[in-house]
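Listed below are the residues making up each chain.
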Amino acid sequence: MNGRCRAGWFMWSLLWGELRAAAGPRRLLCRSAAFLSSGDAVCPGPARGAPPGHMERAVVRCVPSEPKMSLWFVLCDGSAKHMQRDQTEPLGRALARIATNAGKGHAKAAKKSKKARAEAGPAGEPVATAPLAVRLFSRDGESVAEDVSNAEAWQDGAVLQIGEVKYQVERNPPSVTELQLPRSLLAGFPVCPKIHTEFGAPQHCLFRWYREQPGGGGDEPSPGGAVWVEAPVRDRVFTPTNAHIGLRLKLHCTPGNSQQRYGLPREVESSGPVEAGPGACTFDSRHLYTKKVSGEGLIRTVSYNVLADIYAQTEHSRTVLYPYCAPYALELDYRQNLLKKELAGYSADLICLQEVDKSVFADSLAPALDAFGLEGLFRIKEKQHEGLATFYRRDKFTLLSEHDIAFNEALVSDLLHKELRDKLAPYPLAQEKVLQRSSVLQVSVLQSTNDPSRKICIANTHLYWHPKGGNIRLIQIAVALSHIRHVTCDLYPGIPVIFCGDFNSTPSTGMYSFINSGNIAEDHEDWVSNGEEERCNMSLTHPFKLQSACGEPAYTNYVGGFHGCLDYIFIDINALEVEQVIPLPSHEEVTTHQALPSVSHPSDHIALICDLKWK
């Protein structure tokens, strides 16, 4: 079985466990709380308490790419049955197996009944019962032939009859395959669950939130003894208040799809209580400018180095780089609370992030920003655990294509860079340094949902960090601009570009001058930024008219030993112009806790935010 198949069986085995758990408390009523979303089931004869005319659910998972199908149902004795059958197997064999399982359950129930013991023969054994008839009927009421394959027979809306009991077949209903709450919950900060579904989508699910009731007396007890009170929130995201401090949260999620079809619900409880938040944060005043999503024709763009956890959690970071920062404020869970609130509050259309841990993207940022209408793309650095992430607003853009590259690989193998490769060849030490770097370029082509004629290229990068690496950054940016030219001129002629990133270059450097002016002279001082041994003099040009949309702030990176402007949003001024730049935090806000990061700011960089508009 391949990985995808194993994942599918595992996901649905969770469902089976829930059916068994749900069936237990209602064994005598022949129904399960897990099935109530389609009405209570009928169990003719001994069953009590179920309204007539309703049927239990028989849940079928049948995916064409997998060899087996799965079937779940609950018998009248309350036992949940889970079967895996070959999709190509004749229906008759599956029905015979169901009859065997149902017969065993019927016999067990008979053994336990007083009537059966009273009617037992001299040996004390219960009277034998006749085998149960098992049949499958199509949606129009016709009996399905037993030589039909399982894949064809078990259609949505069919009816499975076991003895006198009927089950409505639900083929591939929406299901929750993963549901998690963050480990750290802070008052005033949004709680964004991680949710994965099959045959559904998170945006179509139904959500109910609960808070723990101190001292009992709530709406709903749980097996663990906690008592829960439902919160007046039915949204995917829940923001606890100070009243929730010290209390745990619970989420009840019913999976759904765009056809308003719903599956079996799942619940998850937080592992710990809500804790007090840090108070005022550096981004609070910026959120006053970004309360609403920008209007039609505008593109609110964010570029932000979010400080990878693999760099924040080192001993060097705690003792040398950020000794002024409280240790708990460097913890991933704490910083993620701040970061998710900050990014959500910008109501952005495009977000380009750097230094994104792979696990942070998958488990935290992508689920959180998805809840706010943003789709995420990730490109990991070569041989690293962090990389680049680009998010775009789904109701404004659709993704046409991705064109990511690693600078070292592209320089060596892509014919686009042959001229640059030839210029670099006489400088083997510089060439070796370039090829050792793991930096990447993320390039995404988006199309406007309101005006399909408008397409745009979004580029995102994080250049080499070393203070003496100006020559390396010049080579990297030359590769980047050549690749972007290919995308915007050859693949999608005439589309504009927005180029975001941490360029690790101040406005006085050759890299910044090259982007702004379109050329760099071979005698520029940055070609010898790391000494004569790594000299690599050459002249370079590019065809774009690019400009820093946010100008040249005094700093976008502020740590104990350095502050300067390293981050930019470069725009194609032939097609785009700046509507507004969201002011950066005041110097007083940045230095309240000496430098960044801090208890009120999650990164050592500051996000750049601007509203752009088409010319």
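Residues numbered from 1 in each chain as written. Predicted model: local features only at pLDDT ≥ 70, side-chain atom pairs only at ≥ 80, totals over all residues. Heavy atoms only, no water.

Caption draft 1: Summary view of the overall build of the chain. Each helix and strand in the chain was counted, giving 15 helices and 32 strands. Taken over 615 residues, the chain has a buried fraction of 53%. Contacts in the chain between residues far apart in sequence, at least 24 positions, make up 68% of those at least 6 positions apart. For the chain, the exposed area adds up to about 26,800 Å²; of that, 51% sits on carbon and sulfur atoms. (Helix = DSSP H or I, 4+ residues; strand = E, 2+ residues; numbered from the N terminus. Buried < 20%, exposed > 50% of the residue type's maximum accessible area, 1.4 Å probe, protein only. Contact = heavy atoms within 4.5 Å. Areas by Shrake-Rupley, 256 points an atom, 1.4 Å probe, with all protein chains shown as cover.)

Caption draft 2: Examining the pattern of salt bridges more closely. Taken as a whole, this structure holds 30 salt bridges when the rule is applied. Put simply, D349 and R393 hold a salt bridge, and the shortest N to O gap is 3.5 Å. On the criterion of sequence distance, the pair formed by D349 in the loop between helix 8 (332-345) and strand 17 (350-357) and R393 in strand 19 (residues 386-393) is long-range, its members being 44 residues apart. D349 gets classed as buried once you look at its relative accessible area, which sits at 0%. On the accessibility criterion, R393 (8% relative accessible area) is buried. Put simply, R236, D370, E375 and R394 are held in one network by salt bridges that share partners. (Salt bridge = Lys/Arg side-chain N within 4 Å of Asp/Glu carboxyl O.)

Caption draft 3: Representation of the sheet that holds strand 19 within the structure. Taken together, 6 strands build an open sheet; the order of strands is 18-19-17-16-32-31 and the sheet is mixed. Looking along the sheet, the strands with just one partner apiece sit at the ends: strand 18 (374-380) and strand 31 (576-581). Mean inter-strand twist for the sheet, computed between neighbouring axes without regard to direction, equals 25 degrees. Pairing between strand 31 and strand 32 (residues 608-614): 5 bridges, direction antiparallel. Across the sheet, V581 pairs through a bridge with C610, a residue of strand 32. Of the strands in this sheet, strand 17, strand 18 and strand 19 touch helix 9 (residues 358-371), which is tilted by about 155 degrees from strand 17. (Pairing = 2+ DSSP bridges. Axes fitted to C-alpha atoms, helices over the stretch in contact; angles between N-to-C directions.)

Caption draft 4: Here's a closer look at the packing of aromatic side chains. Applying the stated criterion across every chain yields a total of 14 aromatic pairs. Ring geometry for W209 against F238: centres 5.3 Å apart, planes inclined by 20 degrees, an arrangement best described as stacked. Of this pair, W209 sits in strand 10 (residues 206-212) while F238 sits in the loop between strand 12 (227-230) and strand 13 (249-254); the two residues are 29 residues apart in sequence, bridging distant segments of the chain. Exposure class is identical for W209 and F238. Each is buried. For the pair Y512 and Y568, a centre-to-centre distance of 5.0 Å together with 40 degrees between the ring planes defines the contact as tilted. Within this pair, whereas Y512 is found in helix 14 (residues 510-517), its partner Y568 is found in strand 30 (residues 567-572), the two being separated by 56 residues in sequence. When sorted by exposure, Y512 lands in the same class as Y568, which is buried. Grouping aromatic residues by their ring pairs yields a cluster made of F499, F503, Y512, Y568 and F570. Here the basic side chain of K250 rests over the ring of Y210, its NZ or CZ set 4.9 Å away from the ring centre. (Phe/Tyr/Trp six-rings, centres within 6.5 Å; stacked < 30°, edge-to-face > 60°. Lys NZ or Arg CZ within 6 Å of the ring centre and 35° of its normal.)

Caption draft 5: Structural view of the packing of helix 8 against helix 9. The N-to-C vectors of helix 8 and helix 9 enclose an angle of 30 degrees; their axes lie 10 Å apart at closest approach. Classified by the angle between their axes, helix 8 and helix 9 sit roughly parallel to one another. As for how helix 8 packs across helix 9, the hand of that crossing is right-handed. Only V360, S364, L365, A368 and L369 of helix 9 make contact with helix 8, whose side of the interface consists of L332, Q336, L339, K340, L343 and A344. Looking at the contact of helix 8 with helix 9, its residues break down into 8 nonpolar, 2 polar and 1 charged. (Parallel < 35°, antiparallel > 145°, perpendicular 65-115°, else oblique. Left-handed = near helix turned anticlockwise from the far one by under 90°. Nonpolar A, V, L, I, M, F, W, Y, C, P; charged D, E, K, R; others polar.)

Caption draft 6: The packing of helix 13 (residues 470-491) against helix 14, seen in detail. In contact at an axis separation of 9 Å, helix 13 and helix 14 are set at 25 degrees when each is read in the N-to-C sense. By the criterion of interaxial angle, the relationship of helix 13 to helix 14 is roughly parallel. Remark: the crossing between helix 13 and helix 14 carries right-handed chirality. Between helix 13 and helix 14, the contacting residues are R473, L474, I477, A478 and L481 on the first element and G510, M511, F514 and I515 on the second.

Caption draft 7: Region of the structure containing the pairing of strand 18. Pairing analysis gives 7 bridges linking strand 18 to strand 19, with the strands arranged antiparallel. By the bridge assignment for strand 19, G376 is matched with F391. The antiparallel hairpin formed by strand 18 and strand 19 contains 5 residues in its connecting segment, where K383 sits at a positive phi of about 60 degrees.

Caption draft 8: Geometry of unusual backbone geometry. Following L596, the chain continues into P597 via a peptide bond in cis, with omega recorded as 0 degrees. Relative to the elements of secondary structure, P597 occurs in the loop between helix 15 (587-590) and strand 32. In this structure, E355 is a non-glycine residue whose phi angle is positive, near 55 degrees. By the element assignment, E355 lies in strand 17. With a relative accessible area of 11%, E355 lands in the buried category. A positive phi angle, near 60 degrees, is found at K383, a position not held by glycine. Relative to the elements of secondary structure, K383 occurs in the loop between strand 18 and strand 19.

Caption draft 9: Main features of helix 12 (residues 428-436). Looking only at helix 12, the buried set comprises A430, K433 and V434. End-on view of helix 12: buried residues confined to an arc of 100 degrees, all on one side of the axis. Considering only its buried residues, helix 12 is in contact with helix 10 (407-413), helix 11 (418-424) and helix 13. (Arc of directions from axis to C-beta.)

Caption draft 10: Structural view of the pairing of strand 7 (residues 175-180). The buried fraction of strand 7 is high, at 5 of 6 residues. As defined by bridge partners, strand 7 adjoins strand 9 (residues 194-198) across 5 bridges and the pair is classed as antiparallel. Looking at the pairing, E178 lines up with H196 of strand 9.

Caption draft 11: Structural detail: the sheet that holds strand 3 (residues 80-86). Taken in spatial order, the 6 strands line up as 3-2-1-6-5-4 in an open sheet, and their pairing is mixed. A strand with exactly one partner marks an edge of an open sheet, and here the two such strands are strand 3 and strand 4 (134-137). Put simply, the sheet's adjacent strands are angled 25 degrees from each other on average, direction ignored.

Caption draft 12: Main features of the side chain of K433. Looking at the element boundaries, K433 is found in helix 12. Residue class for K433 comes out buried when judged on its relative accessible area of 17%. Setting aside its immediate chain neighbours within four residues, K433 contacts Y464, I472, N530 and E534.

Caption draft 13: Expanded view of the side chain of S439. Here S439 is to be found in the loop between helix 12 and strand 22 (440-448). Side chain to side chain, S439 and Q476 meet in a polar contact 3.2 Å long. Setting aside residues up to four positions removed in sequence, S439 forms contacts with A406, F407, H462, L463, Y464 and Q476. (Polar contact = N/O pair within 3.5 Å; in protein donor to acceptor, adjacent residues only side chain to side chain.)

Interpretation note: all reported values are geometric properties and have no functional meaning in isolation.
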